[in-house]
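# Observations on the model geometry
What follows is each chain in one-letter form.
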Amino acid sequence: MTAPSTPAAPLLAEGRWLWRRLYVFATSGGAWLLLDRLIAGTPPEAAPRLAQGLMALLALTMVLYLVAPTAQQLIATLAVLRPRIGGEERP
């Protein structure tokens, strides 16, 4: 007797989390490198404003990384919303 087979959900790149983390790490590293180079080339009175702007960009990147849903979560949400959008009544 064989076990019933269940269809496997397709694996998406974000579902494996590697690409999203690589993007965030590369962007964070690039922001730190940009901060280092820009501060070295700017006058001292402009450095605090520049640093604040880059730190805000880094904070935005990290918040998006922590809060943004994965592709699988978006698909699950769309699957729930699809009957409502199609005009079917709610049970």
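Use the structure listed above.
Residues numbered from 1 in each chain as written. Predicted model: local features only at pLDDT ≥ 70, side-chain atom pairs only at ≥ 80, totals over all residues. Heavy atoms only, no water.

## A look at the overall build of the protein chain
If you tally the helices and strands in the protein chain, you get 3 helices and 0 strands. The N-to-C order of helical and strand elements in the protein chain reads α-α-α. Going through the 91 residues of the protein chain one by one, you find that 13% of them count as buried. As presented, the protein chain carries roughly 7,900 Å² of accessible surface, and 68% of it is formed by carbon and sulfur atoms. (Helix = DSSP H or I, 4+ residues; strand = E, 2+ residues; numbered from the N terminus. Buried < 20%, exposed > 50% of the residue type's maximum accessible area, 1.4 Å probe, protein only. Areas by Shrake-Rupley, 256 points an atom, 1.4 Å probe, with all protein chains shown as cover.)

## Looking at helix α2 (residues 47-67)
Taking 1.5 Å as the rise per residue, α2 with 21 residues should run 30 Å; its terminal C-alpha atoms sit 30 Å apart, in good agreement. Of the residues making up α2, those classed as buried are Ala47, Ala51, Leu54, Leu58 and Thr61. All buried residues of α2 project into a common sector of 90 degrees when viewed along the axis, lining one side. What points out from α2, more than 90 degrees from its buried face, is the exposed set Arg49, Gln52, Leu64 and Val67. Residues of α2 that are buried make contact with α1 (18-41). (Expected span 1.5 Å × (residues − 1). Arc of directions from axis to C-beta. Contact = heavy atoms within 4.5 Å.)

## Quick look at the packing of α1 against α2
Across the interface, α1 lies against α2 with an axial gap of 10 Å and an inter-helix angle of 175 degrees. One way to sum up the angle between α1 and α2 is to call them roughly antiparallel. When α1 is examined against α2, the residues Arg20, Arg21, Val24, Thr27, Ser28, Ala31, Trp32, Leu34, Leu35, Leu38 and Ile39 are found in contact with a partner set consisting of Leu50, Ala51, Leu54, Leu58, Thr61 and Tyr65. A class-by-class count of the residues in the contact of α1 with α2 yields 12 nonpolar, 3 polar and 2 charged. (Axes fitted to C-alpha atoms, helices over the stretch in contact; angles between N-to-C directions. Parallel < 35°, antiparallel > 145°, perpendicular 65-115°, else oblique. Nonpolar A, V, L, I, M, F, W, Y, C, P; charged D, E, K, R; others polar.)

## Description of a nonpolar patch on the surface
Taken together, the side chains of Trp17, Leu18, Trp19 and Leu22 present a nonpolar region at the surface, about 450 Å² in accessible area. Examined against the element boundaries, Trp19 turns out to sit in helix α1. (Patch = residues over 30% accessible without salt bridge, like charges linked within 9 Å, V, L, I, M, F, W, Y side chains within 5 Å. Salt bridge = Lys/Arg side-chain N within 4 Å of Asp/Glu carboxyl O.)

## Side note on α1
With 24 residues, α1 extends 35 Å between its outermost C-alpha atoms, agreeing within 8% with the 34 Å of an ideal straight helix rising 1.5 Å per residue. For α1, every residue scored as buried is listed here: Arg20, Val24, Ser28, Ala31 and Leu35.

## Some thoughts on the side chain of Thr61
Turning to its location among the elements, Thr61 is positioned in helix α2. When sequence neighbours within four positions are dropped, the list of residues in contact with Thr61 reads Val24 and Thr27.

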